[in-house]
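Descriptive structure summary
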Amino acid sequence: MTTDITEEIPEAGTVPPAGGAPGRRKVPSGHRRLLTRRDRLTLGLMAGLPTVLHIALVWVTALASIALAFTTWDGIGFDAIRWVGLQNFRELFEQNPQFWPAVRHNVVWFAVLIVIPTPLGLFLAVQLDKRIRFSRVYQTAFFLPVVLSMAVIGFVWQLVYNPDTGLINSVIGANEPGKYIDWIGDPDLNLWAVLIAASWRHTGYMMILYLAGLKSVDPSLREAAALDGAGEWQAFRNVIFPTLRPTNTIVLVVTVIEALRAFDLVFVFNGGAEGTELLSILVTSNIIGESSRIGYGSAIAVVLLLISLVVIVPYLVSTFRKERRA
């Protein structure tokens, strides 16, 4: 018995191509879209909102301050802005009796921070790098003033300098009538009194920076110096300190910035008057003071910005050059 088996051969037009159906993208099994629309919206807000705030509060205000430095404005209505060119700068350099003393005080501020708290912070960092007992406790104690705000430090040191019940006058016996020493009100003393308080805070800051630099020193350098018979001071001077050059650059830039942005401590002490004038105090007193000379205060701010750039720009240039060489 025979059975005829017939096979149906599909037509050529109905055979699907080997790569799959035409016009249809084959999606691998288990593939999912990495970011949904909600994720993109969340990331956009997280990255975009801080960027917008940074541009609005930093760059826009800085450029607006530079533009206002060449105008006169009392801050009431944009139609009151008048272009005066370089008049604000001429008045600032030639007629303001507080400008040059303020510049001198900023220079003194920088010199004191370099001479006193910076070497002291380096000394503390070297001692703590020796892994002495309770080093963590000492680090916390020395770094605690850095955590406090400058306003709080100002209130604390006001208690120390109080003529009647202050610590200093009580110790030296100058808290009796006729023997008072007015550390805050005396123009010959108040700047140095404020600088002592600023140095107290700055020492802990320098200690942390130098301690981080010392931790990055190659231990083999210390071992090589010890094998050569170098003493502790010789090893530090000839081996360790030269390797701290990047840290010294950072310390210099930070100290310059701290000297130029000094405001809170002086404002809390006596408002920046009677011997404690600073550029930042002049900016504030002209912009938000009773006179509200926005253009004149902006001119002082521009001078302060230019002084800052003199130090910051060379540091950035040297840093970028090192990165390119690396």
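The structure this text deals with has already been given above.
A brief report on the enclosed structure follows. In this text, all values refer to a predicted model and were calculated from it rather than measured experimentally. (Residues numbered from 1 in each chain as written. Predicted model: local features only at pLDDT ≥ 70, side-chain atom pairs only at ≥ 80, totals over all residues. Heavy atoms only, no water.)

1. Observations regarding the overall build of the protein
Helix and strand counts for the protein stand at 14 helices and two strands. A separation of at least 24 residues holds for 64% of the contacts in the protein among residues at least 6 apart in sequence. For the protein, the exposed surface amounts to about 21,800 Å²; the carbon and sulfur share of it is 64%. (Helix = DSSP H or I, 4+ residues; strand = E, 2+ residues; numbered from the N terminus. Contact = heavy atoms within 4.5 Å. Areas by Shrake-Rupley, 256 points an atom, 1.4 Å probe, with all protein chains shown as cover.)

2. Quick word on the packing of helix 13 (residues 279-287) against helix 14 (residues 294-325)
One way to put it is that helix 13 packs onto helix 14 with a least axis distance of 7 Å and a crossing angle of 160°. With respect to helix 14, the axis of helix 13 lies roughly antiparallel. The way helix 13 lies across helix 14 gives a crossing that is left-handed. Listed contacts from helix 14 to L279, L282, V283, N286 and I287 of helix 13 are I294, Y296, G297, S298, I300, A301, L304 and I307. Residues of the contact of helix 13 with helix 14, tallied by class, amount to 10 nonpolar, three polar and no charged. (Axes fitted to C-alpha atoms, helices over the stretch in contact; angles between N-to-C directions. Parallel < 35°, antiparallel > 145°, perpendicular 65-115°, else oblique. Left-handed = near helix turned anticlockwise from the far one by under 90°. Nonpolar A, V, L, I, M, F, W, Y, C, P; charged D, E, K, R; others polar.)

3. Considerations on the packing of aromatic side chains
A complete count under the given rule lists 13 aromatic pairs for this structure. Centroid distance F236 to F241: 5.9 Å. Interplanar angle 50°. Geometry classified as tilted. When its relative accessible area of 14% is taken as the criterion, F236 is described as buried. By relative accessible area, which is 34% here, F241 ends up partly exposed. Through successive ring pairs, a cluster of aromatic residues spans W157, Y161, W183, W200 and F269. Stacked on the ring of Y296, the Lys or Arg R293 has its end atom at 4.2 Å from the ring centre. (Phe/Tyr/Trp six-rings, centres within 6.5 Å; stacked < 30°, edge-to-face > 60°. Buried < 20%, exposed > 50% of the residue type's maximum accessible area, 1.4 Å probe, protein only. Lys NZ or Arg CZ within 6 Å of the ring centre and 35° of its normal.)

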